[in-house]
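# Structural overview
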Amino acid sequence: MGSPQTMLDKLWAAHEVLQREDCVSLMWVDRHLVHEGSHHAFAKIKERGLPVAEPELTFAVVDHYAPTRGRSKIADPQIARMIDTLRGNAQAHDLKMYDLSDPRQGIVHVVGPEEGITLPGLLINCGDSHTSTHGAFGALAFGVGATEVAHVLATQTVWQRKPKAMRITVEGALGAGVTAKDIALSWIAKLGTDGAQGHAVEYAGSCIRDLSMEGRMTLCNLSIEGGARFGMIAPDETTLAYLEGRRFTPKGAAWQAACADWITLASDQTAAFDREVTLDAAEIAPTVTWGTSPEQALPINAAIPDPDQVPPAKADAARAALEYMGLKAGQRLEGTPVDQVFIGSCTNGRIEDLRAAAAVLKGRKARIPGLISPGSSQVKAQAEAEGLDRVFTEAGLEWAASGCSMCVGMNGDLVADGRRCASSTNRNFRGRQGRGARTHLMSPAMVAAAAVTGVLTDVRPLLARRAA
């Protein structure tokens, strides 16, 4: 018997082809997901006359530039060109393509799990930082840059330095109205955007085991916002129940064998981690960002900090954030007027997220405009079958098609200069949702609460009134 191993150790060893003298490893890639932004990488391999090494392991998805309206005739020629370029590359290399007309199209990090492309034990790459989403299944999943995308296309391998192992254990039960999004924003606010730098984060504890796969994906998705290279959760019965019967999952005896293997991926009980952090779920409240970094976040009932009272190294950033966001030190987050709302993205655009928002919105009217963009066409169809779309439209919000949408604004869905948006997305950087846009990150239920009140609001009283 060897020494106890973490899940990271097990997955790394299973994929390491060789290690250079500088301790950088050549890793085999099981799944490569590409989107419109991958055109630079395709151009690189074309220049060298190289084919895609493993077309059957490469999946092309239209998402970043996907229009959420008017898909039959795209008005913006640049957007049309980006999508056509991906189509051309997919056709040239015989890749599986999730095009706009495909009933399975959606955001790449929603489509992968839905289709069973994402499986425990795999190494998954994509030219997008939120590839860490797939770690929720016990996969080794991380984003790569354009040069690395080209390397994966040409060789089905990637060079990578093994990160240190960090475990965040969350024990106890979350309160009503508190979600995986709040867990993520809470630990990032506590540890900072560099709190997990140089580490792979494994999430553990009773609270994590109680999360649905949608919640686990949200948590792993946001790991990189805390500086982690990626996030992971060990496969369990919840994982297997989600995956069983999906399009690309093993079937029959192969499924049974796979399940037996996947359960062994969990970290050994006595495995040592380089860093350990423990959180109490009962202490986590609905959390909202107030600044221009995910670490600038607080419970909804807190007051915005005084830059003079924060650590000196972060004081200037706090002052700049308050100026950009149009807020003042000491001002309470709750009650801050909001101009519009957005629900969607690879962080919070799944069916569970839409159900949570609809539970708040049902029978109520939004005081401000908003856009709901499901994470995939399958999520959209399921939501419509459940009548969630009618809840949103009857509340006065717009129900649109799937895509990255207002999370990054590449498709034209933008927040206007100076406007404040309550958003279920993953980044609140300056200009992320449009030039001068002021973004507040929060859970879908909290976004819905902002919609019906017109201000940043604690969703818990609204849920309590509904329960009564």
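Residues numbered from 1 in each chain as written. Predicted model: local features only at pLDDT ≥ 70, side-chain atom pairs only at ≥ 80, totals over all residues. Heavy atoms only, no water.

### Points about the layout of surface pockets
Roughly 490 Å³ of internal volume is contained in the largest pocket. What lines the largest pocket is a set of 25 residues, and nearest its centre among them are Ser186, Ala189, Lys190, Ala297 and Leu298. For the lining of the largest pocket, the secondary structure elements donating two or more residues are helix H6 (180-191), strand S12 (275-280), strand S14 (297-299) and helix H11 (312-325). If you tally residues by element for the lining of the largest pocket, the top one is H6, at five residues. Looking at side-chain class alone, the lining of the largest pocket contains 15 nonpolar, five polar and five charged residues. Roughly 330 Å³ of internal volume is contained in the second largest pocket. Counting residues per element, the ones that place at least two in the lining of the second largest pocket are strand S9 (164-171), strand S10 (199-204) and helix H7 (206-210). Residue contributions to the lining of the second largest pocket peak at three residues, all from S10. (1 Å grid on protein atoms, 1.4 Å probe; cavity = no way out; pocket = protein on both sides within 12 Å on 5 of 7 lines; lining within 4 Å. Points joined across faces, edges and corners; volume = space filled by probe spheres on them. Helix = DSSP H or I, 4+ residues; strand = E, 2+ residues; numbered from the N terminus. Nonpolar A, V, L, I, M, F, W, Y, C, P; charged D, E, K, R; others polar.)

### Notes on the pattern of salt bridges
What the rule picks out here adds up to 20 salt bridges. Here Glu115 makes a salt bridge to Arg104, at a shortest N to O gap of 3.6 Å. Highlighted residues: Glu115 in helix H4 (residues 108-115) and Arg104 in the loop between strand S5 (96-98) and H4, separated in sequence by 11 residues. For Glu115, a relative accessible area of 2% corresponds to the buried category. One network of salt bridges, with partners in common, ties together Arg69, Glu398 and Asp413. (Salt bridge = Lys/Arg side-chain N within 4 Å of Asp/Glu carboxyl O. Buried < 20%, exposed > 50% of the residue type's maximum accessible area, 1.4 Å probe, protein only.)

### Focus on a nonpolar patch on the surface
There is a patch of nonpolar side chains on the surface, built from Val17, Leu18 and Trp28 and spanning about 250 Å² of accessible area. One can find Trp28 in strand S2 (residues 24-28). Owing to a relative accessible area of 32%, Trp28 belongs among the partly exposed residues under this scheme. (Patch = residues over 30% accessible without salt bridge, like charges linked within 9 Å, V, L, I, M, F, W, Y side chains within 5 Å. Areas by Shrake-Rupley, 256 points an atom, 1.4 Å probe, with all protein chains shown as cover.)

### Side note on the packing of aromatic side chains
Here the structure, examined in full by the defined rule, presents five aromatic pairs. Between Trp255 and Trp262, the ring centres sit 5.7 Å apart and the planes meet at 80°, which makes this aromatic pair edge-to-face. You can call Trp255 buried: its relative accessible area is 6%. The class for Trp262 is buried, based on a relative accessible area of 6%. The ring of Tyr98 has Lys96 sitting right over it, with the charged end atom 4.9 Å from the ring centre. The ring of Tyr242 carries the charged tip of Arg246 above its face, separated from the ring centre by 3.9 Å. (Phe/Tyr/Trp six-rings, centres within 6.5 Å; stacked < 30°, edge-to-face > 60°. Lys NZ or Arg CZ within 6 Å of the ring centre and 35° of its normal.)

### As for the sheet that holds strand S7 (residues 140-143)
A sheet is described by the order of its strands in space; here five strands give the open sequence S5-S4-S3-S6-S7, paired in parallel fashion. Of all strands in the sheet, those with a lone pairing partner are S5 and S7, marking the two edges. Across the sheet, the mean angle from the axis of one strand to that of its neighbour is 20°, orientation sign disregarded. When strand S3 (residues 31-34) meets strand S4 (residues 58-61), the two strands line up parallel, connected through three bridges. Following the sheet pairing, Leu33 is matched in S4 by Phe59. (Pairing = 2+ DSSP bridges. Axes fitted to C-alpha atoms, helices over the stretch in contact; angles between N-to-C directions.)

### Here we look at the packing of helix H13 (residues 351-361) against helix H14 (residues 377-385)
At a minimum axis separation of 10 Å, H13 and H14 run at an interaxial angle of 40°. The angle between the axes of H13 and H14 places the two elements in the oblique class. With respect to the hand of their crossing, H13 and H14 are arranged in right-handed fashion. For the pair H13 and H14, the contacting residues are Ile351, Leu354 and Arg355 in the first and Val379, Gln382 and Ala383 in the second. (Parallel < 35°, antiparallel > 145°, perpendicular 65-115°, else oblique. Left-handed = near helix turned anticlockwise from the far one by under 90°. Contact = heavy atoms within 4.5 Å.)

### With respect to the sheet that holds strand S1 (residues 16-19)
Read from one edge of the open sheet, three strands run S1-S2-S8, paired in antiparallel fashion. In the strand order of this sheet, the two ends are held by S1 and strand S8 (157-161), each with one partner. Pairs of neighbouring strands in the sheet enclose a mean axial angle of 25°, with direction left out of account. Where S2 lies against S8, five bridges are found, and the strand directions are antiparallel. Note that in S8 the partner of Leu26 across the bridge is Trp159.

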